[in-house]
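# Commentary on secondary and tertiary structure
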Amino acid sequence: MQPSSILCRAQESMQRTRSANALLANVRNVADKAAAAWAEEALIAEQREHRQARTRDVAANLLDEKRRLRSLGDLAFNENPDRGQAAW
């Protein structure tokens, strides 16, 4: 399972709050490192989500083009695309 960028940002925020409220230095250090790791993971998740959105857009555009060509029927693949357009 890949975490979403929203989950990563929430975890990062939680770790930063934990670090700010910690009394012990080692707890702060661990929370700071965890926050940095979650921030890095959030960047990776945002890139992945952006890439997936672009892929969905391209696929949708290809499907629309395929439907448009299918609606033209045989005329889309005819060597003479104007054939059948003239009114007799």
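Everything below is about the structure printed above this text.
Now for a quick tour of the structure. This is a predicted model, so every value here is computed, not measured.

Structurally, Arg48 is set in helix α2 (residues 25-72). At 4.6 Å, Glu41 is the nearest oppositely charged side chain to Arg48, a buried residue that forms no salt bridge. Looking at Arg48, its side chain comes within polar contact range of the main-chain oxygen of Pro3, at 2.8 Å.

Let us now look at the pattern of salt bridges. Evaluated as defined, the whole model comprises 4 salt bridges. In this structure, Glu46 engages Arg9 in a salt bridge whose closest nitrogen and oxygen atoms are separated by 3.3 Å. Residue Glu46 is located in helix α2, and its partner Arg9 is located in helix α1 (residues 5-21); the two are separated by 37 residues in the primary sequence. Overall, Arg9 belongs to the partly exposed group, its relative accessible area being 32%. Residue Glu12 pairs with Arg16 through a salt bridge whose shortest N-O separation is 3.1 Å. Placement of both Glu12 and Arg16 in helix α1 is noted, with a separation of 4 residues, approximately one turn of the helix. A residue is classified by how much of its surface remains accessible, and Arg16, at 41% relative accessible area, is partly exposed.

Conventions and cut-offs
- Residues numbered from 1 in each chain as written.
- Predicted model: local features only at pLDDT ≥ 70, side-chain atom pairs only at ≥ 80, totals over all residues.
- Heavy atoms only, no water.
- Helix = DSSP H or I, 4+ residues; strand = E, 2+ residues; numbered from the N terminus.
- Buried < 20%, exposed > 50% of the residue type's maximum accessible area, 1.4 Å probe, protein only.
- Lys, Arg positive; Asp, Glu negative; His and termini not counted.
- Salt bridge = Lys/Arg side-chain N within 4 Å of Asp/Glu carboxyl O.
- Polar contact = N/O pair within 3.5 Å; in protein donor to acceptor, adjacent residues only side chain to side chain.

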